[in-house]
Structures are given as C-alpha cells and as structure tokens.
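# Commentary on secondary and tertiary structure
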Amino acid sequence: MPFLFMNFNNHLITKAMKKSAKITLSEKEMPHQWYNIQADMPNKPLPPLHPVTREPIGPEALSVVFPMELIKQEVSTERYIDIPEEVINLYKIYRPSPLYRAINLEKALGTKSKIYYKYEGGNYSGSHKANTAIAQAYYNKKEGIKRITTETGAGQWGSAMSFACHHFGLELLVFMVKVSYNQKPGRKLLMNVYNAKVVPSPSTMTVSGRKVLELDPDSPGSLGIAISEAMEIAAQDPYTKYSLGSVLNHVILHQTIIGQEALLQLAKTDDYPDVVVGCFGGGSNFSGIAFPFLRENLVNGRKTRLLTIEPSSCPKLTKGKFMYDFGDSAGMTPLLPMYTLGHNFIPEKIHAGGLRYHGAGVLVSQLLKDGLIEARAKMQRECFEAGVFFARSEGILPAPESNYAIAGALDEARKADLEGVSKTILFNLSGHGHFDISAYEKYFENNLPDHEMTTEEVGTALAKLDFPD
C-alpha cells in the first residue's frame, strides 16, 4: 500500500473513531492488574479497631470471616496487584465493557459538553458487582472454603455472587434486605437460578435477626442488619466465609478495572474527563471508575474532579460524621474510620436499595476528609427523572442506583452550559434496571416519595453512639 494512501486511510479511521458512539477494547487490551489507591494516598486510612478493646487490630483478626488472600489485599499498599488467570478468563465473558459517547443524550440536553458513560450492566448480574464477586469466589475456593454467606440490598450483589459461587462449586446463602426482597422478586429468582439460597433479612435464622424482629416485627431491614446475619452464620463454621459487595478495600480494588479500561478507551478518543461521576452506597462503583483517574491527579498532576452522588435519605457523606463505627448493626465487625449515620440507622424505603447503607468505605471516607473527592446528595424523584430522560435518549434502562450518577452528570453539563464552557463528563452506568421496572411504574404513577434526612435526624442517630473520633 503506498504510504500516502495508508496515511490517508489511518486518518479516516482515527476521524471515525473520534465520532464513534461506542469505544471498545480488545481482550488483549484488558488490564491484567487491579490498581490500589492506598499506594498513592497522601494520608493513609486510620487502622481498624477491636470492637471490645478499641485497640488497633492486625490482619489475623479478620481470618474468621475472610480468606487470607483477600485479607492481604485489604491491607496491601502495593500499587498494582495481578489478576489471577482464572479470574481473567471469567472476566472475558463480558469484559472489556464498552464506553459510550452519549451523543443522543447530549442532543436531547442541548449541551455543549461531551458526556461519556462506562456501561457495567452487560454481564450475567446486570451490574458492576460481578468484577469483585468472581474474584472473591475464586480466592475462597483456592483456600478450601465450602460455603459463603453474604448480604444484598437491591439484589445486584447477590446475583453476582450467586453465579460466581456456582461456577467455583461453592454454596451460597444470601440475606436480602426485606424491603428489597419484597420489591424485587425477580432478583431473588435470578439468585435461585444460580443455585443460591435467599432469605429475607431480618430473619429468625440468626440471633441478630431475631433481636431486630423482637423490637420491630415489621422491620424493613437494612444492609447493616443483613451483614450482621451473614457474619454470624459465617463465624460458626471454619469452612464458611463471609463476602461483602462494597465498602471494603479489597472490593474497591477489584472494581478499579472499570476506571483503568476507561482511561484506555478515552485515550482512543484523544479526550480526557474534567469530571468523573458515580453513585454512592458503600463506595465500590464510584471508586472503581474514579480511583484510576484520582491516581492521575495525584501522580501526574491532572485536575479531574471526582464527584459522587448519594441519596438525600441516606446522606452519610454529606451529613454524616467522620468517626469510628461498626460496619454492621449488631456490632460484629471491627470499628472502622468512616463517614457514618450510625450503625443502627434504618434508611427510608427508597428503590435504590444498593445505596441504603449507613456508612462509607474507609478509603472513600479518608479521601473525602482530605478534599480529594466531592459528594452531593439528591432526591429520589429527580434521579428517576434523569434515568428516564437517559433511557429515552440512549436506550438503556438504568438501575435506580445508577440514576443518581446520571442526575449528577446532567447537573455538571447544565452548569457548564450556564458558565459558557464545554466540559468532558464521564459517569459510571453501574447497572441496568430490568429488575426494577416496578419502581419505574411507581414513578410514572407519581407514587415515588421523596425523603431528605434532616441535620437534626442525623444528630439524633449519631447521639446514640459512643466511639472514639
């Protein structure tokens, strides 16, 4: 091929790629390491404390409920950690995930800004949760574990862990927050398809569950209660371990493949985000897309804003207090330094069940305290409105959780237009909403209530705690 023709042909390919609505990577381009933000944090997180002695604890204290390899990842400060080949092979079923330029959304909004979204709903679980479920099931299997217990809110995590455990030959017991268990029967059935046992929480199966039901027989449950139940069962059997779908350092580590892929994909467009947005429950999907870009800020001097959106009904980052608190309701976990509303807090029955958690992950909490990331709270109806607007433009029905990220991205685009500038905005579309259609039905019927937790209510919840700041 003559050089001039080849050069012209490459120019056409590059030009077409810049205009493409879908930016993909080949399997060979998929990252083979997870990125660990602890290597680059200017201030390392405070240590976990023993729930009784209030003294710092080491990795050995976690061995009752977690396999040792995950404990090592929990405390590691290595910048990159290799992804095992067996995990890579399962990832390849759905990864690399696509990055989309939301051209139709931009047109519908009338914005000068460019909006991209990383779509994590195209796997068996319908959400980003598969990225850590596969890894956790693998490490448990390697250490001879026979059964895993876990909790789930909206059901995305339970669905992800169900298939992963079945693939590796592990039994799975899922405590599903009761309000979501009743709202989303499809999720429970999907977990059954993947051979998991699903129990509404609080339940009569555990001491912690029975205590909750004694005080409130109609308790809607919470992720904190479900965590207590799952941990209680796991602690009774050496061949059973507990698994968590967000919050913990190793979970966030596994999710960073999202942001690492996004960096490579945006490089193909010669674009780079001014702001990265994710919804917030415990921290996994926001951290997954944001932390590789935060590394670029910390190491290479980039100036990307990292913004997370949480529900106004569960505003731990925007109204909570940074302090030591339990990760569960019964006080079985170590005390963790986090932004929290108090481990006994029971959130309102919003449909974004994955965001109904009282505390924030340790890493996100420290980074917010240091001013390296931003947080904002939004009402449920506004976020559903954003999700419907997105679906009508881009053709994907978002999970209720993802609607919060969409609403945040739309805010950023509108703000840029008012300022007369064009921004590049990236958000994580963490999952699809096919199992949440009843929530959209309530939205269209104008029967989806809004709730904002007041500062006074937060103060009342936190006043019941007595932990070291």
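Residues numbered from 1 in each chain as written. Predicted model: local features only at pLDDT ≥ 70, side-chain atom pairs only at ≥ 80, totals over all residues. Heavy atoms only, no water.

Broken down by element type, the protein chain carries 19 helices and 15 strands. Its C-alpha atoms give the protein chain a radius of gyration of 21 Å, within 12% of the compact-globule value 23 Å for 469 residues. Principal-axis analysis of the C-alpha atoms gives the protein chain an extent of 75 × 50 × 45 Å. Here the protein chain holds 469 residues, and 61% of them are scored as buried. When contacts within the protein chain are restricted to residue pairs at least 6 apart in sequence, long-range pairs at least 24 apart make up 77% of them. Taken as a whole, the protein chain presents about 18,200 Å² of accessible surface, with 53% of it coming from carbon and sulfur. (Helix = DSSP H or I, 4+ residues; strand = E, 2+ residues; numbered from the N terminus. Rg over C-alpha atoms; globule rule 2.2 N^0.38 Å. Buried < 20%, exposed > 50% of the residue type's maximum accessible area, 1.4 Å probe, protein only. Contact = heavy atoms within 4.5 Å. Areas by Shrake-Rupley, 256 points an atom, 1.4 Å probe, with all protein chains shown as cover.)

Counting 66 residues, the largest nonpolar core has Trp34, Tyr91, Ile134, Phe291 and Leu426 as its most contacted members. Residue contributions to this core peak at seven residues, all from helix 5 (residues 130–142). Beyond its immediate stretch of four places on either side in the chain, Leu426 contacts Leu99, Tyr116, Tyr117, Lys118, Ala262, Leu266, Pro273, Val275, Val276, Val277, Ile289 and Phe293. Counting residues in each nonpolar core, the second largest holds 27 residues, with Leu105, Tyr117, Ile309 and Ala386 among its members. (Core = buried A, V, L, I, M, F, W, Y, C linked by side-chain atoms within 4.5 Å.)

Take the environment of Val212 next. Along the chain, the position of Val212 falls in helix 9 (residues 207–215). The sequence separation of Val212 and Ile225 amounts to 13 residues, and the corresponding C-alpha distance is 8.1 Å. Aside from chain neighbours lying at most four places away, what touches Val212 is Pro202, Ser219 and Ile225.

With that settled, the discussion passes to the packing of aromatic side chains. Counted by the stated rule, this structure contains 17 aromatic pairs. A centroid spacing of 5.7 Å and a plane angle of 65° characterise the contact between Tyr272 and Phe293, whose relative ring orientation is edge-to-face. Taken together, the residues span a long stretch of sequence, with Tyr272 in the loop between helix 12 (257–267) and strand 10 (275–279) and Phe293 in helix 13 (residues 284–300) at a distance of 21 residues. Aromatic rings pair up to connect Tyr100, Tyr117, Phe390 and Phe427 into one cluster. Note that Arg101 overlies the ring of Tyr116, its terminal NZ or CZ placed 5.8 Å from the centroid. Residue placement shows Arg302 over the ring face of Tyr272; its charged tip is 3.7 Å from the ring centre. (Phe/Tyr/Trp six-rings, centres within 6.5 Å; stacked < 30°, edge-to-face > 60°. Lys NZ or Arg CZ within 6 Å of the ring centre and 35° of its normal.)

What follows is about helix 15 (residues 362–369). Of all eight residues in helix 15, seven are buried, a share of seventy percent or more. Tucked into the core, helix 15 has its buried residues touching helix 11 (249–255), helix 13, helix 14 (316–319), strand 12 (321–326), strand 13 (335–340) and strand 14 (374–378). Positive phi appears at Gly371, one or two residues downstream of helix 15, with a value of about 75°.

A few words on the sheet that holds strand 14. Taken in spatial order, the seven strands make up an open sheet running 1-4-5-15-10-11-14, and their pairing is mixed. At either end of the open sheet lies a strand with only one pairing partner, and these are strand 1 (22–23) and strand 14. The pairing of strand 10 with strand 11 (residues 305–311) spans five bridges and is classified as parallel. Each bridged residue has a counterpart across the sheet, and for Gly278 the counterpart in strand 11 is Thr308. Against the sheet, helix 16 (residues 380–394) touches strand 4 (99–101), strand 5 (114–119), strand 14 and strand 15 (424–429), its axis set at about 95° to strand 14. (Pairing = 2+ DSSP bridges. Axes fitted to C-alpha atoms, helices over the stretch in contact; angles between N-to-C directions.)

Take the pattern of salt bridges next. Taken as a whole and judged by the stated rule, the model has 18 salt bridges. Between Glu412 and Arg305 there is a salt bridge whose closest N-O contact spans 2.7 Å. Separated by 107 residues along the polypeptide, Glu412 in helix 17 (residues 400–419) and Arg305 in strand 11 bring together distant segments of the chain. Its relative accessible area of 4% is what places Glu412 among the buried residues. By relative accessible area, Arg305 is classed as partly exposed at 24%. For Glu452, the salt bridge goes to Lys319, with nearest N and O atoms at 3.6 Å. Taken as a pair, Glu452 in the loop between helix 18 (437–444) and helix 19 (455–462) and Lys319 in helix 14 lie far apart in primary sequence, 133 residues in all. (Salt bridge = Lys/Arg side-chain N within 4 Å of Asp/Glu carboxyl O.)

Our focus in this paragraph is the packing of helix 2 (residues 68–75) against helix 5. Remark: helix 2 packs on helix 5, axes separated minimally by 8 Å, with the N-to-C direction vectors making an angle of 130°. If you check the angle between helix 2 and helix 5, you find them oblique. For the pair helix 2 and helix 5, contact is made by Glu69, Leu70 and Gln73 and by Gln136, Tyr139 and Asn140, respectively. Taken together, the residues of the contact of helix 2 with helix 5 break down into two nonpolar, three polar and one charged. (Parallel < 35°, antiparallel > 145°, perpendicular 65-115°, else oblique. Nonpolar A, V, L, I, M, F, W, Y, C, P; charged D, E, K, R; others polar.)

This part takes up the layout of surface pockets. One water molecule sets the probe size; rolling that probe over the atoms shows where empty space is left. For the largest pocket, the calculated volume is near 760 Å³. Taken together, 37 residues form the lining of the largest pocket, with Pro48, Ile57, Leu62, Pro334 and Leu336 sitting closest to its centre. Only helix 2, helix 10 (223–234), helix 11 and strand 13 provide two or more residues apiece to the lining of the largest pocket. Of the residues forming the lining of the largest pocket, the biggest block, three residues, is contributed by helix 2. Classifying every residue of the lining of the largest pocket gives 27 nonpolar, eight polar and two charged. Quantified by volume, the second largest pocket comes out at close to 400 Å³. (1 Å grid on protein atoms, 1.4 Å probe; cavity = no way out; pocket = protein on both sides within 12 Å on 5 of 7 lines; lining within 4 Å. Points joined across faces, edges and corners; volume = space filled by probe spheres on them.)

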